[in-house]
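Listed here are the chains, written in short residue letters.
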Amino acid sequence: MSSATPKLRLATVWLAGCSGCHMSFLDLDEWLFDLAEVADIVYSPVASDAKTYPDNVDVCLVEGAVANADNLAMARTLRERTRVVVAFGDCAISAHVPGLRNRLAAEPGGGAAAVLERAYLELADRQPQIPSASGLLPVLLERVLPLHEVIAVELWLPGCPPPAARIRLVLEALLRGELPQLEGPEGLRFG
Amino acid sequence: MTRTITIDPVTRIEGHARITLQLDADSHLVEARFHVTEFRGFERFCEGRPFQEMAAITSRICGICPVSHLLAAARTGDRLLAVRIPPAAAKLRRLLNLAQISQSHALSFFHLSSPDFLLGWDSDPARRNVFGLMAAEPELARAGIRLRQFGQGIIERLAGRRIHSAWAVPGGVRSPLSLEDRDRILKDLPEAMAAAALALERFQRLLDGPLQPEMNSFGHFPSLFMALVGPGGRWEHLDGGDDAGEEQAAGSGLRIVAADGRVLAEGLRGDDYPTFLAEAVEPWSYLKFPYYRPLGYPEGIYRVGPLARLNVCERIGTPWADAELADLRQRCGRVALSSFAYHQARLVEIVACLEGIEALLHDPELQDPHVRARASLNAHEAVGVGEAPRGTLFHHYRVDERGLITRVNLIIATGQNNLAMNLTVLEIAREVLPDPVPDSIPEALLNRIEAGIRCFDPCLSCSTHAAGAMPIRLELRAADSRLLAEQVRN
């Protein structure tokens, strides 16, 4: 890519996940030097101190499911300001592990109440209470949602986490201005 | 009018958090708090699962230290089977843990924290990150990336993949290490050692100069420290905290040391954790506040992780790491109280890991093909303990007669530093902010306050899973528990 070509404005976001997809992104290792030649990381929890999601983002890799009010607000914000949103990994695609609490939604009070009460009321030795400081802690959503149930998504990048080679394949295609074609077990496998 | 200053989100840490600074009507700082803003309630979903699945499930708690959960789950499983795992399996697990501690510490130091020291607290926030480091200090950045790659590569060779493998199992591990893989790791080892040496040399030079104030004042307060130690008080990262009584080597187990170096307790075992650990809840954080039960809350504040391991141990037991430990103790005293010293402790531990990896790779027993003991269920409750990169990790399971999980409790490293993280933030805020606090605070000062959290390298997706013991609620009516449970709930 010639120096005259503007750099890709790349963001990464994590919602409700384990950060494993981001670790797999860092597993690109020295290819990150090549990436830095052609892309600017304009927002990322692991690779940026930007506190506000910027405008005019070309590509955003979104790890994790939508599990609380902060996740929901972030998903909507990034959608407004991003051209290509990538559901990055199995949690973003299917809600996956965080979504396991959806099985408890039929319990009295719902799935969120079930996990909160157990953790903070029944199992605390001191000061049992459900943390809920207004404006400081996001309320849990009743159901944990995959990203595409909340915002439109251009691309799904599966894996738990997606292997670094698969992430690279996707980024290289996007850098060429193409939507990548993920095929076969190497490209499409969950888990 | 009172004011609240919010730093949101805290960046270059793992997970979701914000910091608030509360000012009174005269703009004096009265409180500083670290709020963890995520919670997934993970333990509930383990109920009803076969205990053999716990290694694969709980490794999904965290993408940075999946190996810690994998190993803790496997150790708990060993005790449910009541087996002694084959010696080669024990050594292969140690190799895996050393690889993971080294890669995780490399991530913390190079990718996440070093931009503060090497580019400057007040450098451009848009460049103050690993990509900025790659541009400004390519040699050091490449060394750090390759050091992390070295650790991740060992994990991949042993466990088949870098993140979320299921290689360690109750009774041992799934496969031995091939000679070819061993030789490849040995070939890469000198470069990893050179990277560690480079980082230590750079960091110690900074500690001698511009970082001296931070080393003396960044979260410098008395607290207890807890970690595993081996026989004779040697540095330990995996074994000894959950062995059966007669197997526990003399002096090994969990040790708790006071700020003045007194040993308050030693030889503690995971089985007894409710007698010495307890947890409190505050309304303003999803992260609970563990404390040392005999001293109460919050007086029972203790720290875990690399600095705690180095504070509680007598020595590491390998020459280079012991020399680096001596340097740390020369700077900070026998018990280092500054939270900033965690960074140096991480580098010392990287050295300890690399020397430990080298010694293990030269052990001929490592190629023994017998790596898994098989048994059926022989116990209904067990605790597994190990040292994760960020501190002591406990897995506690109860199972029914079929081996299905009925209760789970996980006590996670980062949570145990919660009181200390809050105190560190408050101390730094008092140190760096003018009094009274002006209306506009330079970004660099806020970054220093955030950096107090980075000292601990917190892993928040892990930490908020410390949700405690959970009796079974789902009814499973067939042998294939997983499928039926989902059908019932849907």
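Residues numbered from 1 in each chain as written. Chains lettered and ligands numbered in written order. Predicted model: local features only at pLDDT ≥ 70, side-chain atom pairs only at ≥ 80, totals over all residues.

A. Quick look at the sheet that holds strand β14 (residues 405-411) of chain B. Residues and elements named next belong to chain B. Taken together, three strands build an open sheet; the order of strands is β12-β13-β14 and the sheet is antiparallel. Of all the strands in the sheet, just β12 (381-388) and β14 have a single pairing partner and so form its edges. Here the average twist between neighbouring strands, direction ignored, is 15°. Relative to β14, strand β13 (residues 391-399) is paired through six bridges, and the arrangement is antiparallel. Its bridge partner lying in β14, V399 is registered against I405. (Pairing = 2+ DSSP bridges. Helix = DSSP H or I, 4+ residues; strand = E, 2+ residues; numbered from the N terminus. Axes fitted to C-alpha atoms, helices over the stretch in contact; angles between N-to-C directions.)

B. Focus on the packing of helix α10 (residues 319-332) of chain B against helix α11 (residues 341-361) of chain B. All names here are of chain B. Running from N to C, α10 and α11 point in directions that differ by 165°, and their axes come no closer than 8 Å. Accordingly, the angle class assigned to the pair α10 and α11 is roughly antiparallel. As for how α10 packs across α11, the hand of that crossing is left-handed. Where α10 abuts α11, its residues W320, A321, E324, L325, L328 and C332 lie against A341, Q344, A345, V348, V351, A352 and E355. Within the contact of α10 with α11, the residues separate by chemical class into ten nonpolar, one polar and two charged. (Parallel < 35°, antiparallel > 145°, perpendicular 65-115°, else oblique. Left-handed = near helix turned anticlockwise from the far one by under 90°. Contact = placed C-beta atoms within 7 Å. Nonpolar A, V, L, I, M, F, W, Y, C, P; charged D, E, K, R; others polar.)

C. Here's a closer look at the interface of chain B and chain A. Contacts between the two partners involve 56 residues from chain B and, on the opposite side, 54 residues from chain A. Counting residues per element, the ones that place at least two in the side of chain B that touches chain A are α3 (87-119), α4 (130-136), α5 (138-159), β9 (277-280) and α16 (481-489) of chain B. A total of four residues in the side of chain B that touches chain A trace back to one element, the largest contributor, which is α5(B). Classifying every residue of the side of chain B that touches chain A by side-chain character gives 25 nonpolar, 16 polar and 15 charged.

D. Structural detail: the sheet that holds strand β7 (residues 155-157) of chain A. All names here are of chain A. If you walk across this open sheet you meet the five strands as β2-β1-β3-β5-β7, and the pairing is parallel. Because the sheet does not close on itself, it has two edges, and the strands there are β2 (39-43) and β7. Going across the sheet, the axis of each strand differs from the next one's by a mean of 30°, ignoring polarity. Alignment of strand β5 (residues 82-88) against β7, held across three bridges, turns out to be parallel. The partner of V86 across the bridge, within β7, is L155. Contacts from helix α3 (residues 69-80) reach β1 (8-14), β3 (57-63) and β5 within the one sheet, and its direction differs from that of β5 by about 140°. Strand contacts of helix α6 (residues 164-175): β1, β3, β5 and β7, with the helix running at about 155° to β7, the strand carrying the most contacts.

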